[in-house]
Amino acid sequence: MAHMSYIEMESPIGPLVLGATEKGLCHVEFGRFADVETKLQKWSGRWFQTYEWQLDMPLLREAIEQLQQYFAGDRTQFELELDLRGTPFQVKVWQALSRIPYGVVCSYKDIGQAVDSVKAVRAVGGANNQNPVPIIVPCHRVIGANGSLVGYGGGLNVKTFLLQHEGYKI
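Analysis parameters
- Within each chain, residues carry numbers counting from 1 in the order of the written sequence.
- In keeping with the model being predicted, local features are shown solely for residues with a pLDDT of at least 70 and side-chain atom pairs are shown and tallied solely at 80 or more, while totals for entire chains, interfaces and linings include all residues.
- Side-chain numbers come from the whole structure's heavy atoms, not from hydrogens or water.
- Residue types Ala, Val, Leu, Ile, Met, Phe, Trp, Tyr and Cys, when buried and joined through side-chain atoms within 4.5 Å, form a set referred to as a nonpolar core.
- Classification of residues uses two cut-offs on accessible area relative to the type maximum, computed with a 1.4 Å probe and protein chains only: under 20% is buried, over 50% is exposed, and between them is partly exposed.
- Segments assigned H or I by DSSP are reported as helices when at least four residues long, segments assigned E as strands when at least two residues long, and all are numbered from the N terminus.
- Contacts between residues were defined by any pair of non-hydrogen atoms, one from each residue, lying within 4.5 Å.
- UniProt positions are given in the numbering used here, feature names are shortened, and annotations may be inferred rather than shown by experiment.
- In this description, strands pair whenever DSSP reports at least two bridges between them.
- In this analysis an axis means a line fitted to C-alpha atoms, helices contributing only their contacting stretch, and an angle means the value between N-to-C directions, from 0 to 180 degrees.

(A) Quick peek at the nonpolar core. With 37 residues, the main nonpolar core has Leu16, Leu18, Leu25, Leu97, Ile111 and Ile135 as its most contacted residues. Looking at this core, the elements that each hand over two or more residues are β1 (4-9), β2 (16-21), β3 (24-30), α2 (57-72), α3 (88-98), α4 (108-114), α5 (121-129) and α6 (156-165). Tallying contributions element by element places α2 first for this core, with 6 residues. Sequence-distant contacts of isoleucine 135, defined by excluding residues within four places in its chain, comprise Ile13, Leu16, Phe30, Leu67, Tyr70, Phe71, Phe78, His140, Tyr152 and Leu162.

Shown next as structure tokens:
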């Protein structure tokens, strides 16, 4: 059973809750801990067999620093240990998402091709939606095949902000 740690941080897109195990960052959630605690407990219960979350700044200091650098425009790539939990297909999609360069967008079909599942566009979309570490694993860089901004866990306004922050013209 893993020890779940969290910290809240302020960002230009609102408060974020960062979660980690001893192995690395495992979750980024939009909002305040008090508002998302039940959601986090359900998620950690499924993937880590624990519902207990403890406030722990030292474990998450590097993640906070890198996110602050990203939002300041001083970082284009994250270098954090991650503890990603999901189905094998989800993890494969998240790894493909991690390879999308800063300021570049692609389609769900492109990600499907990257994971050798070109016809699994819906499954890729589902895995994208379940990404536990948005921003760090840049699911915001995936758009519709027609160039439209499609759903984002933090809301389309956050997706728009992140893409514009990275220099993508919307």
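Once the structure has been displayed, the description carries forward.
(B) The arrangement of the UniProt feature "domain: Methylguanine DNA methyltransferase ribonuclease-like" (unreviewed entry) in the protein chain in detail. Under the present numbering, the feature "domain: Methylguanine DNA methyltransferase ribonuclease-like" (unreviewed entry) in UniProt falls on residues 6-84. Measuring from the first to the last C-alpha atom of residues 6-84 gives 15 Å, for a span that is 41% helix and 25% strand.

(C) Geometry of the sheet that holds β3. As summarised here, the arrangement of the 4 strands in space is β3-β2-β1-β4, forming an open sheet in which the pairing is mixed. Bordering the open sheet on either side are β3 and β4 (53-55), each of which pairs with just one other strand. Strand-to-strand twist of the sheet, defined as the mean angle between neighbouring strand axes without regard to direction, takes the value 30°. As judged from the 6 bridges shared by β2 and β3, these two strands associate in the antiparallel manner. Bridge pairing links glycine 19 to histidine 27 in β3.

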